[in-house]
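Take a look at the letters that make up each chain.
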Amino acid sequence: MSGTPSSPPMRELTGTVMAAQANYYRVQLHAPTAPPGQLLCLRRGKLKKQGQQVLVGDQVIVSEPDWQSQRGMIDQVLPRHCALARPAIANVNQILLVFALHDPEPEPWQVSRFLVTAAASGLEITVVLSKADLVGPEMHQAWVSRLDQWGYRGILLSIRTGLGLVGIQALLNHKITVICGPSGVGKSSLIKQLIPEQEIRIGTVSEHWHKGKHTTRHIELFPLPTGGLLADTPGFNQPHLEFSPSALAACFPEIQTRLQTQACQFHNCQHLAEPDCVVRGAWERYPHYQLFHQELTAAQDAAATMPHLATKHTQRLSQLPRKAQRRQSHQTTQGLWLDDADR
């Protein structure tokens, strides 16, 4: 007599981490390994002992599903093709940087700093110039041309008129995209247009500081109707530069273009005061490069001599570009420090 048929082995449950807050992770399960839906998961203790972080965007294996309470355990993090530190997210394909053309107006130093930070990731970057309906065509052309000279594509956007929305939607299809930029530039409004059914908290711009009020407090992935995922990140006004001074040149497309046509005299040229340097010159962002290099060098020296002071030193020096700009344009102080939610 044959024995009782055994149950077929359960397939491994796989999913994508859609959000992370404290010690909890919201995981979107993948078909056909599981019924559609999400589980609220904890990280397995062995992963913590191994020092294995779980990031938003990670592909994970989930065990012990409790379908009634919609809970589970993350057993394993599958290999990543990339991981960012700020924001802490994995498996991203591209970065969408958003800046407003009005209220608040874009500041070249700040835009440049965001671009350099994003370029350090090695990901493709597109710049969205929001609130385009609030300024004239002269400013449109000025910023699109400026970005083109810097080596980046700029897309004009107006939530009110719909300008640029179709192009942005096509850009995001079937990709994981991080959307970031200063607060108050319309990131949440853009997400609400791209994902109408998603509840997004939309903030206002502070009249006193002309800075946006933070509306996003943690990183979260939102599914796009046309396919792909969009990561909303906490707004911040001054991203950190966290790499070596020698890596800075690779974050400026203008420098790479110059080096493709002619090499500097020295293979380790820092493009500051060395003779026969092909990078030094009267291009717009060269002063940005000089100040960022000064900041990174000072932070590196501080880390080597007094590690416990390095973080504070970096934060203080991060105001240098803004101070220089303020001296040149005599603009009022708007503040550069990060809010606690963005640290």
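Residues numbered from 1 in each chain as written. Predicted model: local features only at pLDDT ≥ 70, side-chain atom pairs only at ≥ 80, totals over all residues. Heavy atoms only, no water.

The name an unreviewed UniProt entry gives the chain is Small ribosomal subunit biogenesis GTPase RsgA, with Pseudocalidococcus azoricus BACA0444 as the organism. In its Subunit (unreviewed entry) section, the UniProt entry covering the chain states "Monomer. Associates with 30S ribosomal subunit, binds 16S rRNA." (UniProt positions renumbered as here; feature names shortened; annotations may be inferred.)

Considerations on the UniProt feature "binding site: Zn(2+)" (unreviewed entry) in the chain
Taking the UniProt record as the reference, the feature "binding site: Zn(2+)" (unreviewed entry) is found at Cys 264, Cys 269, His 271 and Cys 277. If we skip the residues at most four places from it in the chain, Cys 269 touches Cys 264, Glu 274 and Cys 277. Residue His 271 is classed as buried on the basis of its relative accessible area, which comes to 6%. Among residues more than four places away in sequence, those in contact with His 271 are Ala 249, Ile 255, Leu 259, Cys 264, Cys 277, Val 279, Arg 280, Tyr 286 and Tyr 289. (Contact = heavy atoms within 4.5 Å. Buried < 20%, exposed > 50% of the residue type's maximum accessible area, 1.4 Å probe, protein only.)

Looking at the nonpolar core
As a rule of thumb, nonpolar side chains are buried together in soluble globular proteins. Among the nonpolar cores identified, the biggest contains 49 residues, and Ile 89, Leu 97, Leu 115, Leu 221, Phe 252 and Val 279 are the most heavily contacted of them. At the level of secondary structure, the elements contributing two or more residues to this core comprise strand E8 (94-100), helix H2 (108-119), strand E9 (124-130), helix H3 (137-150), strand E11 (176-180), strand E13 (229-232) and helix H7 (286-305). Among the elements that take part in this core, H2 stands out by supplying six residues, more than any other. A domain-level breakdown of this core finds at least three residues from each of domain 2 (94-232) and domain 3 (242-314). In this view, Leu 97 contacts Phe 114, Leu 115, Ala 118, Ile 125, Thr 126, Val 127, Val 128 and Cys 180; residues no more than four positions away in its chain are not counted. One finds Ile 155, Leu 172, Ile 195 and Leu 230 within the second-largest nonpolar core, a separate group that totals 19 residues. (Core = buried A, V, L, I, M, F, W, Y, C linked by side-chain atoms within 4.5 Å. Helix = DSSP H or I, 4+ residues; strand = E, 2+ residues; numbered from the N terminus. Domains from an automatic or database assignment.)

What about unusual backbone geometry?
Across the junction of Ala 31 and Pro 32, the peptide omega takes the value 5°, indicating a cis bond. Structurally, Pro 32 is set in the loop between strand E2 (24-29) and strand E3 (38-43). The omega torsion of the bond from Asp 103 to Pro 104 falls at 5°, within 30 degrees of zero and hence cis. Here Pro 104 lies in the loop between E8 and H2. Residues other than glycine seldom take positive phi values, yet Glu 64 does so here, at roughly 50°.

Looking at the packing of aromatic side chains
Going through the model one piece at a time under the given rule, you end up with seven aromatic pairs. Relative to Trp 283, the ring of Phe 252 lies with its centre 6.1 Å away and its plane at 75°, an arrangement referred to as edge-to-face. Of this pair, Phe 252 sits in the loop between E13 and helix H6 (253-261) while Trp 283 is found in the loop between H6 and H7, placing the two residues 31 residues apart along the sequence. Taking the relative accessible area as the measure of exposure, Phe 252 reaches 0% and is therefore buried. Judged by its relative accessible area of 9%, Trp 283 falls in the buried class. Ring centres of Phe 252 and Phe 292 lie 6.5 Å apart, and the angle between their planes is 40°; on these two criteria the pair is classed as tilted. On the criterion of sequence distance, the pair formed by Phe 252 in the loop between E13 and H6 and Phe 292 in helix H7 is long-range, its members being 40 residues apart. (Phe/Tyr/Trp six-rings, centres within 6.5 Å; stacked < 30°, edge-to-face > 60°.)

What about the pairing of strand E1 (residues 13-21)?
Most of E1 is tucked away, with seven of its nine residues classed as buried. Two strands pair when backbone bridges link them, and E1 and E2 are joined in this way by six bridges, in the antiparallel orientation. Of the residues in E2, the one forming a bridge with Thr 16 is Gln 28. (Pairing = 2+ DSSP bridges.)

Side note on a nonpolar patch on the surface
Taken together, Tyr 24, Leu 40 and Leu 42 make up a surface patch of nonpolar side chains, about 230 Å² in accessible area. Since its relative accessible area comes to 35%, Leu 42 is described here as partly exposed. (Patch = residues over 30% accessible without salt bridge, like charges linked within 9 Å, V, L, I, M, F, W, Y side chains within 5 Å. Areas by Shrake-Rupley, 256 points an atom, 1.4 Å probe, with all protein chains shown as cover. Salt bridge = Lys/Arg side-chain N within 4 Å of Asp/Glu carboxyl O.)

Here's the deal with the packing of H2 against H7
The contact between H2 and H7 brings their axes to 11 Å, and the two run at 60°. Where H2 crosses over H7, the handedness of that crossing is right-handed. In this structure, H2 contributes Pro 108, Trp 109, Ser 112, Arg 113 and Val 116 to the contact, and H7 contributes Pro 287, His 288, Leu 291, Phe 292 and Glu 295. Split by residue class, the contact of H2 with H7 holds six nonpolar, two polar and two charged. (Axes fitted to C-alpha atoms, helices over the stretch in contact; angles between N-to-C directions. Left-handed = near helix turned anticlockwise from the far one by under 90°. Nonpolar A, V, L, I, M, F, W, Y, C, P; charged D, E, K, R; others polar.)

Focus on H3
Here H3 contains 14 residues, and its C-alpha end-to-end distance of 20 Å stays within 8% of the 20 Å for a straight helix at 1.5 Å per residue. Listing the buried residues of H3 in full gives His 140, Trp 143, Leu 147 and Trp 150. Buried residues along H3 cover an arc of 110° about the axis, so they all sit on one side. Looking at H3, the residues exposed on the side facing more than 90 degrees away from the buried face are Pro 137, Glu 138, Gln 141, Asp 148 and Gln 149. Turning to H3, the residues buried within the fold contact H2, E9, strand E10 (153-156) and H6. In the segment just after H3, Gly 151 is the residue with positive phi, at about 105°. (Expected span 1.5 Å × (residues − 1). Arc of directions from axis to C-beta.)

Observations concerning the pattern of salt bridges
Close approach of charged atoms allows side chains of opposite charge to pair. One pass over the full model with this rule turns up eight salt bridges. Ionic pairing is found between Glu 220 and Arg 26, a salt bridge with its closest N-O pair at 2.4 Å. Taken together, the residues span a long stretch of sequence, with Glu 220 in strand E12 (residues 220-223) and Arg 26 in strand E2 at a distance of 194 residues. Residue Glu 220 is classed as buried on the basis of its relative accessible area, which comes to 15%. The class of Arg 26 is partly exposed, set by a relative accessible area of 27%. Arg 80 is the salt-bridge partner of Asp 58, the closest N and O atoms lying 2.6 Å from each other. Here Arg 80 lies in the loop between strand E5 (71-77) and strand E6 (83-84) and Asp 58 lies in the loop between helix H1 (45-49) and strand E4 (59-66), a separation of 22 residues in the sequence.

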